Amino acid sequence: YLDLVRRIQEAEDHIKTIYADPNIPNPQIASSLTRQRLAELSAQRNQMAPLVETILQYQVSMVLADLGLSYGGQPLPPVLYRTTPVPLALIVSPRDTIRQDANISLKADLTLEQIVSLEEQVERDLNVSSLVVNIGGIGIYPTMVMQTTDLNWLVEVVAHEWTHNFLTLRPLGLSYQNSAELRTMNETTASIAGKEIGRAVMEKYYPDLLPPPEEEKPSPPEAAKPSEPPAFDFRAEMHLTRVTVDQLLAEGKVEEAEAFMEQRRQFFWENGYRIRRLNQAYFAFYGAYADEPGGAAGEDPVPAAVRALRAQSPSLAAFINRIAWVTSYGALTAMLER
């Protein structure tokens, strides 16, 4: 199935290349065979997808039972997802602070020109920061998950979105929209759970496809001089960017902060990270997914508290069952103190 998805993506890219090539006078004719092949592949995928989804739902359910996140062997709610085109999201933040004030679903097939036009219009009319982002999944029920050829990523997202479904039946999930802190607590919890559950699924069912764990590199001797410059650390550089932007905004230097973010965007681009826009809305969205320290969250204490609770908990199930009943950041810090 994943190989079929790969061939579909290759066919789609080929068609896009034909239509973008100025040397091809009639792209419709030139792409006719590829479009026919794409239709055949898509039909095969649509026929196979329900079986694939059933298999992964079963495997994730079995791992949830192994981890103690089920009742009588059945997760509640049951694991249920569909691979489907996922809507884009329009994120809106004030310019003078980083805060997600809106997350609006958009059609999945918007062109880049339409996306840029929409962002410019929103910012011009409302004097805000905006960004249209791609999302991997949506925690409705059944959850929606983006098409991919990466099994590790797919299993992790299925588990991530199931965690949202689990939390939705409890106070933390019900409070998702009540504050930025609660949104960050929800997303960080789902990110932690998604990675742990996803890795457990891969270990149990697909060990040959499991990526190796990240190992700490030994420190070189003090007298040794590195022959190559250190590798670019995206998380560290993004953390530095967020901290600096927060400081500039706190000082009321909005235009300086925006100019700095554009400089940093170009810096990331030069180092291989193709960030289209880096602004307040970018940090408002990506800063909530903070299962690891650093990155776009900056010095936000909320995700650090969520990670601390996970570290204090004897198991993933204990962590999820504890944080599921938290309804404020203050309650989370009080739980940590106890």
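Each remark here, short or long, concerns the structure printed above.
Source: prediction; values computed, not measured.

Engineer: Mind showing me how you'd approach helix α4 (residues 112-126) here?
Structural biologist: Along an α-helix, residues three or four apart share an orientation, since each turn contains 3.6 residues. Between its first and last C-alpha atoms α4 spans 21 Å; for 15 residues at 1.5 Å apiece the expected length is 21 Å, and the two agree. Residues of α4 that are buried include every one of Ile-115, Glu-119 and Val-122, and no others. One side of α4 holds all its buried residues, which, seen down the axis, span an arc of 70 degrees. Counted as exposed and oriented over 90 degrees from the buried face of α4: Glu-113, Arg-124 and Asp-125.

Engineer: Would you explain the sheet that holds strand β3 (residues 102-106) in this entry?
Structural biologist: Either a parallel or an antiparallel arrangement is found when strands of a sheet pair, and the pairing is made through backbone hydrogen bonds. Strand order in the open sheet formed by three strands is β3-β2-β4, with antiparallel pairing between adjacent strands. Because the sheet does not close on itself, it has two edges, and the strands there are β3 and β4 (129-133). Neighbour to neighbour, the strand axes of the sheet diverge by 20 degrees on average, direction disregarded. Here five bridges tie strand β2 (residues 88-93) to β3, and the two strands are oriented antiparallel to one another. Bridged to Val-92 within β3 is Ala-102.

Engineer: What exactly am I supposed to notice about helix α8 (residues 234-250) here?
Structural biologist: Between its terminal C-alpha atoms α8 stretches 24 Å, which fits the 24 Å expected from 17 residues at 1.5 Å a residue. Considered for burial, the residues of α8 that qualify are Met-238, Thr-241, Arg-242, Val-245, Leu-248 and Leu-249. Taken end-on, α8 shows its buried residues confined to a sector of 130 degrees, consistent with a single buried face. Looking at the buried positions of α8, the neighbouring elements they touch are α9 (254-270) and α10 (280-286). Capping the start of α8, Asp-233 holds a side-chain oxygen 3.3 Å from the backbone nitrogen of Arg-235, two or three residues further along. Phi turns positive one or two residues past the end of α8, at Gly-252, with a value near 80 degrees.

Each value, and the rule that gives it
- Going along each chain's sequence as written, the residues are numbered from 1 onward.
- Thresholds applied to this predicted model are a pLDDT of at least 70 for local features of residues and 80 or more for the giving and counting of side-chain atom pairs; totals over whole chains, interfaces and linings are not thresholded and use all residues.
- The basis for the side-chain values is all heavy atoms of the structure; hydrogens and waters are excluded.
- Each helix corresponds to a stretch of at least 4 residues labelled H or I by DSSP, and each strand to a stretch of at least 2 residues labelled E; elements are numbered beginning at the N terminus.
- Multiplying 1.5 Å by the helix residue count minus one yields the expected span of that helix.
- Buried, partly exposed and exposed residues are distinguished by accessible area as a fraction of the type maximum, computed with a 1.4 Å probe on protein chains only: under 20%, between the cut-offs, and over 50%, respectively.
- Working definition: the arc comes from the directions between the helix axis and the C-beta atoms, pointing outward to the latter.
- Here, strands pair whenever DSSP counts at least two bridges between them.
- Lines fitted to C-alpha atoms define the axes here, with helix axes fitted over just the stretch in contact, and angles between the N-to-C directions of these axes take values from 0 to 180 degrees.
- By definition in these notes, contact holds between two residues if any of their heavy atoms fall within 4.5 Å.
- As used in this structure description, the phrase polar contact means that two N or O atoms lie within 3.5 Å; if the pair is within protein, one of them must be able to donate a hydrogen and the other to accept it, and residues adjacent in sequence are counted only when both atoms belong to side chains.

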